[in-house]
Amino acid sequence: MVQTKYFSDLIVKVATSRDKAAFVELFDHFAPRLKGYLMKQGADDAVAEEVAQDVMVTLWRKADLFDPQKSSASTWLFRIARNRRIDRLRRQKTAELDPEEPALQPTPLPDVADEMDARLREERVRAAMASLPDEQKEVVRLAFFIGLSHSEISDQTGLPLGTVKSRIRLAFGRLRQLIEADEAVDVN
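Let me begin by describing the structure that accompanies this report. Keep in mind that this is a model prediction, so the values were computed, not measured.

### Quick notes on unusual backbone geometry
For residues other than glycine, phi is negative in most cases, and the peptide bonds are mostly trans. Of note, the phi angle at R18 is positive, near 50 degrees, even though the residue is not glycine. For R18, the location among the structural elements is in the loop between α1 (2-17) and α2 (20-40). Take R18: its relative accessible area is 37%, and that puts it in the partly exposed class.

See below:
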C-alpha cells in the first residue's frame, strides 16, 4: 500500500509540476516491468520495448488523466500497455486477430474472498513492520517499497553492504515470527 501511494504521488507530481525526477523514478521502476509484461503477453523484444516506451511517453503527456482514487499507478500503466498492444495487434493487417489471444480477453474480476484475505494480510504485515526497529524498517522500505538493490541501499545510506543484508535478513526473520504467531493470518 505504501509503495502504491508512493508511485501514485509521483504521477501526481508529473501531472501538476512536470517533475522530471519523479518521472525518471517512475520510468526506472515501470519501464522494465512493462516490457517484461508485454513479452509475457507474446510481444517480441523490440515491440515490447517500443510499447513500453510509448506507455512512458503517455505517462509524461497525460499524467493529468490519472486518478489515484480510481486505480493504482501500476494498474493504470499496465492497462495502457495492454491497450497499446491490442491497438498494435489490430493495426496489423497481415495477420487475422485470434479471438483466443490472451491480450484480447477481458481481465477476470478479482475473487472477493481472495481480495479480503489479501487486505487482512496487508494490514497484519503493516502492523508487523511497525514493530521493527527503525534501522531495519528503513532498509526493508528501501528494498521492497522503493525497489532499490542492496548495493543501492548501501550507497544511499552509507551503510556497509553486509550490514544492509544483515538488517534485511533480521527484519525478515522478525516479520516471519510475528506473522506466524498471528492467528488471524493464514500462512499456508
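### Things to note about the packing of aromatic side chains
With the rule as written, the count across this model stands at seven aromatic pairs. Here the aromatic rings of F23 and W60 are separated by 5.2 Å at their centres, their planes lie at 70 degrees, and the arrangement is edge-to-face. Pair noted here: F23 is in helix α2 and W60 is in helix α3 (residues 45-62), with a separation of 37 residues, a long-range link. The exposure class assigned to F23 is buried, which follows from its relative accessible area of 17%. Look at W60 and you get partly exposed, because its relative accessible area is 25%. Relative to F78, the ring of Y37 lies with its centre 5.3 Å away and its plane at 85 degrees, an arrangement referred to as edge-to-face. Pair noted here: Y37 is in helix α2 and F78 is in helix α4 (residues 73-91), with a separation of 41 residues, a long-range link. Judged by its relative accessible area of 22%, Y37 falls in the partly exposed class.

### Let's talk about the nonpolar core
One finds I11, L26, F30, L34, M56 and L59 to be the most contacted residues of the largest nonpolar core, which totals 26 residues. Those elements that place two or more of their residues in this core are α1, α2, α3 and α4.

### Here's the deal with α2
At 3.6 residues per turn, the α-helix brings residues three or four places apart onto the same side. With 21 residues, α2 extends 29 Å between its outermost C-alpha atoms, agreeing within 8% with the 30 Å of an ideal straight helix rising 1.5 Å per residue. By the largest-angle criterion, F30 marks the main kink of α2, which is about 30 degrees, and a proline, P32, follows within four residues. By the burial criterion, the buried members of α2 are A22, F23, L26, H29, F30, A31, L34, K35 and L38. Between the side-chain oxygen of the N-cap and the backbone nitrogen of A21 there are 3.0 Å, and the N-cap of α2 in question is D19. Just downstream of α2, G42 is the residue with a positive phi angle, here 110 degrees.

The rules behind each value
Residues numbered from 1 in each chain as written. Predicted model: local features only at pLDDT ≥ 70, side-chain atom pairs only at ≥ 80, totals over all residues. Heavy atoms only, no water. Helix = DSSP H or I, 4+ residues; strand = E, 2+ residues; numbered from the N terminus. Buried < 20%, exposed > 50% of the residue type's maximum accessible area, 1.4 Å probe, protein only. Phe/Tyr/Trp six-rings, centres within 6.5 Å; stacked < 30°, edge-to-face > 60°. Core = buried A, V, L, I, M, F, W, Y, C linked by side-chain atoms within 4.5 Å. Expected span 1.5 Å × (residues − 1). Bend = angle between axes of the 7 residues up to and from the residue. Polar contact = N/O pair within 3.5 Å; in protein donor to acceptor, adjacent residues only side chain to side chain.

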